[in-house]
Structure formats: C-alpha cells, structure tokens
Amino acid sequence: MSPLALSRLAVFALWDEKRRVGLAVVGVVIGVTSIVLLISIGVGARTYVRQQFSGIGANVLVILPGRVETTGAMPGVTTGTPHPITIDDVRALRRSCREIKEIAPIVLGSSHISNGERSRDCLVLGTTAEFEEVRRFHPAVGHFLPPDGQMSRGDRICALGHTVARELFPSETALGKKVKIGGSSYRVQAIMERKGRQQGFDVDDLAFIPEPAGRRLFNARGETRVLVELVAIEEEEKGAAAIRKLLKERHKGVEDFTVLTAGSVMDILQRIVAVLTGALAGIAGVSLVVGGIGIANVAIVATTARTEEVGIKKALGAHPAWILAQFLLESGLTGALGGAAGAALAALGVALAKLALGDALPLETPLWSVALAIAVCAAIGLLAGGLPAARAARLDPVAALRSGGGKK
Amino acid sequence: MIELRGIEKVYPLGAHAVHALRGVDLTIRPGELVAITGPSGSGKSTLLQITGCLDTPTRGSYRLLGEEVAGLGARRLALIRNRILGFVFQSYHLLARLSAARNVELPLLYAGVGRSERRSRARAALEEVGLGDRVDHRPSELSGGERQRVAVARALVTRPKVVLADEPTGNLDSRSGEAVLELFRQANRARGITIIVVTHDRSVACSMDREVAIRDGNIVKDGAPALVA
C-alpha cells in the first residue's frame, strides 16, 4: 500500500472526526503558541541588543556611575553615588589602561536651546573630541569639539544635530551662528551628519557642547557616562576588568560604578528572558502534556469506536502494520495540525505585537521554531496514539467484526 | 481446494470450555456452490471464520489450495484473505465515510494495486452488480440491498478463488436477497468462483448445489439441499 493512499485514508478518517480532533488539539495549540511566542521574544531581544551595540561598535564599553545590579534601577538613575566618575578618572584611565584606544566622557542633560524666537528642548551632551571617534559620529560640515584638555570652562562653542540645526535655522546654515543653550550663548562650529534613530532616541535631535561647559550647565560633579573604545574586540573582558580595577582603586576600594559590555548587557537580557522562559515553558509544557492526553483520548475513542472498521479492514486483508500505520498517522497528523495552528497563532500574535510596539522590540518568529513546534507536536501525537494504535493492530478480526453490532 | 481435517475449535469461557467445532472433516472442490446450515450456536459461523482464515482452529488441519494454513500467523493470514478470499457479511460492514467506489477499492489498496487500476476495477465491479450509477454514493445513501451489492462487488473485485458469505440475505427483503444470491450464482457460473454461504434460511440453502448441515459442532448432513431438512 502506498504512503499516499494511506495518508488519504488517514485524512478521510480525521475529517470524519473533525470536531473531536479540533477539541483535542486545543492543548497542543496553546502549548505551541506560547513556545513559539517565547522563542520570538528571545530572538527579538537578542536582535535588539545586537542592534543597540552595532550603533556604537562592538568593542565599545560604557562606564556608568553607581552600582547596577541586574534587578536594580536603570543605569545612571541611581542616586547617592559616593564618588562620581570625574574627568580626572577619565584621564587616569586614558593614561594607564593599555586596552583603551579612545575614551569619551559624557555629561548628559536636557536643556532649552534657542535662536531668537525659534526654540526647542533637546538633549545636550557635554563631551570631547574623542566622542566623534568612539561613536563614529562625524560632522557634515565644520569641526567637532576640541579634545579633552584643550578646552576650558569658558569655551562657548557647540555642534548641532541635523534636526536641531534645521529647526532653529530653517532657511540658512547654522554654521558660525550663535545659539542660546541654558542661558549662555554658543557659536555653532559644526553640524552633524544625519544618523536617524539609535538606541531608542533621535541622535539628530542632539546638541553637543564642551565637557566642562556641560558640567557647569547641568551642575554635575562628574560624568553621566563614559564611552570607551577598546584596542581590540577580543579584549572586552580584559579591558573591562582593567577599568574596574583602576577605577576601584581611585574610588577608595568601592565599586560604585558599572562597566557595561555588549556581553554583560546580553547576559542581563538573557537572564530576564530565561526567567520569562522558565515561567512560560512551564505553562507550555503543561499544555503540551494536556494536549498529548487529548490526542491520546481521541486515539483511544477512535480505535474503540472504529473496532468494526478495523475488523473490516482485517477481513479484507489489511496487514496489521497498515492498521497500526493508519492510526499512528492519524494521531501524528493531529499533533502536527495542532502544532501548525499554534505556530500560526503565535505568528499572528507577533504581527499584532509589532503593530502595537512598533520597532521598540524587534520580534521575529524564526522558521526553525515553527518547524520544531510542528515536529514536536507530531511526535507527541505519535506517542499518544501509539498504544491505542498498537491495540487496534492486534485486534482479533472475528471479535472486531462482531463488535460492529452486525450479527443478530 | 478446501480440505478441513479433524477441525476443533474450543473457546475458553470461564471455567468451562465451549466446543464450537468437534472434529469437522470437510472437502470443498473448486467451483462448488455450498450452503452451510444449522441453528444458532451450531458452529456454522465458526466454521466459516476458520475457512475464511479469520480465525484459526484449536486442533486439526486446514489445507487451502494445498497450503497448510492452520498454524499461520496474522500477517500471512491477512495476505491469504486479501489474495484468495472474499467476504460478504450479514450487516454489510461497509466503511460509512467512504463512497461505494472507495469501499470497493479498499481490498485493492491493501493488495498494492495502483490508483488508476483501482479506480477502473472498482467501477467495473460496481457496474457488474448493477450499481454503475451509485459509485459516488455513501453507504447511508443506499438501500440495504444496494449496500449488500456493494459488499459483493468488494468481495469480487480482487478476483478471489473463494467467496465466503455469512447470512448475506439476513437483513434483506426476499427480492433484494434473491438479487444478491443471483450475483453469487453468476460469479460461480461465469468465473468458477467457489461460493460458501452460511444461512439458516431454507430457501437460500435450496438455491445452492450442496448443503452441509451442522449441529452442535458436528456435520450431520452433507449432500444436495432439500426443502425439508
């Protein structure tokens, strides 16, 4: 008997029982939906982190004031840091750490910026020339800020992001003009190239002023964050350790700062995803088991209700293995069907989430997860249908025919 | 072609054992038209099941076409049922979800016959039993007589050597029953197929060439059927 003919028989039989089959796979559908959704979230989170770090280069570290535990507040939000990361810390690191190629301090805040009547609020970064290199963010025209040590608190120069420049000077170039930032006047000496959105905000909507001016503007004792470019990407962990050691010494043995590497951020995210995965995987596992029981139930009912059919087929000369194969195929198909339905539901969920979240989290459903879900569910179906199918294959034809309610 | 020697069948039933057959000797030659008669519980159905390789005897020898089949396993018996034998049952035993044509195709499917040949042979078999216009009907859309004719077509489609029928007219009115019996006689005459019919209906027995009467597991009469037993 050809496999095609066998499958057709199985499909006929399933179609006959479509309502019961449908109910049986509900558990499997729920299980698969949650598993595929999970995988989508996990893959999405990983993609998100990769995207974030690709914006600043993989061999870049971020140093933040305050100790950030994985469960703690957002980096940089923590208050009460005993020692701020000062410009002297930055200079010490630059001097002593061989793993560091460039280091750029950043004082970050939000400020009012205006050109006469035209004004807007935007993020202002107090930084140094090194920022341009570390972030690979260059002026379209003009010259970026001077390097660290070659500017004083009195320097009143700035670089504007593309959007800021266009908004404040819609009809002329901003280069060489004066703008007011937080009450002081700055001369625009660079307009940055267009970059678009990065790390969740519009990097074209920024203004850059010298680091000392930034500290004064925001009344900051130290840096909001420090970007470090390492000499080599392989030295990420070594570099982070060296920075930690030096800073800790300078901070009187207190590790009151956080060094974020692409790897460590990935770790944190993966830990969150793992917790989520654990919880959801439990639910998914339970529903898969329930689904398996549902399929087993249908298989038992089917083989019992269809004892006459088994008898007929045996009388007509069906090999026991074919009886077994058909019932197995039916329960396997049932499982696969549930898997496919669950995967489709999950894909729908991902599509809806994308509509709702936009590109905040790049969710994606990898094809392998769909294939895996269907395969696992087919296996569950085979497992669940195995015993009833084996029983049916062993049925005595005479008894099976009699049970059909035929004779007398 | 059918040689039963000392066939016994014992069903264990609790502490007691039921002797359905107590040493039956029976020879049926190719092309015979045989009725097996007897009251309920006489063992006639058991005899048919053993003859049809649906069941195996407890003791005795059964040679079918010269091959000893009494001790064969389930797989080998399935093959014999498929290739050599055809069955017709009192309650039709058609698969409800399949059309008449697909029901008739089923034994060909198990015989490994290709799709297009299956189709044409099933159609031809249905035409032969006068149901050429009913091929796509499901059993529930057919009358009892029509269903039994589908079953006859299914039994004949594999070109068997022997057709075994268990009370084939038991559920039918006399006209439909006669039509079914006529199909058997026709297959017997035209193709030399051996027909064995189990019945307790005297008129059915009388339409056959030979009657084997069974009582309490023993053959009590073997010869030309008579209107009064």
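This text follows the structure it describes.
A short tour of the structure in this document, coming up. Quick caveat: nothing in here was measured; it's all calculated off a predicted structure. Per chain, the residues get numbers from 1 upward, laid out in the order the sequence is written. Each chain gets a letter, beginning with A, and each ligand a number, beginning with 1, in the order they are written. Local features in a predicted model are, by the rule used here, given only for residues with pLDDT of at least 70; side-chain atom pairs are given and counted only at 80 or more, and totals for whole chains, interfaces and linings are based on all residues. Excluding hydrogens and water, the side-chain values take into account all heavy atoms of the structure.

### A short note on the sheet that holds strand β1 (residues 2-13) of chain B
All names here are of chain B.
Reasoning step 1: Two strands are counted as paired when DSSP detects at least two bridges linking them. Helix and strand definitions here come from DSSP, where helices need a minimum of 4 consecutive H or I residues and strands a minimum of 2 consecutive E residues; each element is numbered from the N-terminal end. The four strands lie next to each other as β2-β1-β4-β5, forming an open sheet whose pairing is antiparallel. Every interior strand has two partners, whereas the edge strands, β2 (16-28) and β5 (67-68), have only one.
Reasoning step 2: Examined bridge by bridge, strand β4 (residues 59-64) and β5 share two bridges and lie antiparallel to one another. Within β5, the position partnered with R63 by the bridge is E68.
Reasoning step 3: Throughout, a contact is declared for two residues whenever any of their heavy atoms are within 4.5 Å. Throughout, an axis means a line fitted to C-alpha atoms (over the contacting stretch in the case of helices), and angles, computed between N-to-C directions, take values from 0 to 180 degrees. Across the sheet, helix α1 (residues 44-51) lies against β1, β2 and β4, angled at about 120 degrees from β1, the strand it touches most.

### Quick look at the interface of chain B and chain A
Reasoning step 1: With 31 residues of chain B at the interface, the matching set in chain A holds 28 residues.
Reasoning step 2: Throughout, buried area stands for the accessible area (probe radius 1.4 Å) lost by two parts on being put together, summed over both. When chain B packs against chain A, close to 2700 Å² is buried across both sides, 61% of that on carbon and sulfur atoms.
Reasoning step 3: Three residues, H93, R97 and Y110 of chain B, lead the burial of chain B against chain A; their summed loss comes to 29% of the area buried on that side.
Reasoning step 4: Any carboxyl oxygen of Asp or Glu that lies within 4 Å of a side-chain nitrogen of Lys or Arg is treated as forming a salt bridge with it. Seen at the junction of chain B and chain A, the total is one salt bridge.
Reasoning step 5: Close ionic contact of E309 of chain A with R97 of chain B constitutes a salt bridge, the shortest N to O distance being 2.8 Å.
Reasoning step 6: A 3.5 Å cut-off defines polar contacts: any pair of N or O atoms within that distance qualifies, except that in protein one atom must be a possible hydrogen donor and the other a possible acceptor, and neighbouring residues in sequence count only when both atoms are side-chain atoms. Counting across the interface, chain B meets chain A through four residue pairs in polar contact (both at pLDDT 80 or more).
Reasoning step 7: Contributions of two or more residues to the side of chain B that touches chain A are made by α1, α2 (74-83), α3 (100-110) and α4 (115-128) of chain B.

### Points about a nonpolar patch on the surface
Residue and element names in this part refer to chain A.
Reasoning step 1: Nonpolar side chains collect at one region of the surface, where L345, L348, L352 and L355 lie side by side and expose about 450 Å² of accessible area between them.
Reasoning step 2: Within the element layout of this structure, L352 appears in helix α11 (residues 320-357).
Reasoning step 3: We call a residue buried when its accessible area falls under 20% of the maximum for its residue type, exposed when it is over 50%, and partly exposed in between, using a 1.4 Å probe and counting protein chains only. Its relative accessible area of 52% is what places L352 among the exposed residues. Excluding any residue in a salt bridge, patches collect residues exceeding 30% relative accessible area, merging like charges within 9 Å and nonpolar Val, Leu, Ile, Met, Phe, Trp and Tyr side chains within 5 Å. Per-residue and other accessible areas were derived by the Shrake-Rupley procedure at a 1.4 Å probe size, with only the shown protein chains allowed to occlude residues.

### A look at α4 of chain B
Reasoning step 1: Between its first and last C-alpha, α4 of chain B extends 20 Å over 14 residues, near the 20 Å set by a 1.5 Å rise per residue.
Reasoning step 2: Those residues of α4 of chain B not exposed but buried are R118, R121, A122, A125 and L126 of chain B. Projected down its long axis, α4 of chain B carries its buried residues within an arc of 135 degrees, all on one side.
Reasoning step 3: For α4 of chain B, the secondary structure elements touched by its buried residues are α1 (3-16) of chain A together with α3 and α5 (144-156) of chain B.
Reasoning step 4: Just beyond α4 of chain B, the residue with positive phi is G130 of chain B, at close to 80 degrees. Given a helix with a known number of residues, its expected span is that number minus one, times 1.5 Å. By construction, the arc corresponds to the directions joining the helix axis to the C-beta atoms.

### Section: the nonpolar core
Most often, soluble globular proteins keep nonpolar side chains buried together rather than apart.
Residues and elements named next belong to chain B.
Reasoning step 1: Think of a nonpolar core as a cluster: buried Ala, Val, Leu, Ile, Met, Phe, Trp, Tyr and Cys residues, connected wherever their side-chain atoms sit within 4.5 Å. I2, Y62, L64 and L85 are the most contacted members of the largest nonpolar core, which has 49 residues in total.
Reasoning step 2: Take this core: its biggest share by element is four residues, from β2.
Reasoning step 3: The contact partners of L64, leaving out residues within four places of it in the chain, are M1, I2, C53, V69, I80, I84 and L85.
Reasoning step 4: Residues L131, A151, V180 and A205 belong to the second largest nonpolar core, which totals 38 residues.

### Observations regarding the packing of α1 of chain A against α11 of chain A
Residue and element names in this part refer to chain A.
Reasoning step 1: Interhelical geometry of α1 versus α11 gives an angle of 60 degrees and a closest axis separation of 9 Å. When the axis of α1 is compared with that of α11, the two are oblique. Here α1 and α11 pass one another in a crossing that is right-handed. Contact residues: L6, S7, L9, A10, V11, A13 and L14 in α1; W322, A325, Q326, L329, E330, L333 and T334 in α11.
Reasoning step 2: Charged means Asp, Glu, Lys or Arg here, nonpolar means Ala, Val, Leu, Ile, Met, Phe, Trp, Tyr, Cys or Pro, and polar covers whatever is left, Gly included. For the contact of α1 with α11, a count of residues per class yields 10 nonpolar, three polar and one charged. By the definition adopted for this analysis, an angle is roughly parallel if under 35 degrees, roughly antiparallel if over 145, roughly perpendicular if from 65 to 115, and oblique otherwise. The crossing is said to be left-handed when, going from far helix to near helix, the turn is anticlockwise and less than a right angle, and right-handed when the turn is clockwise.

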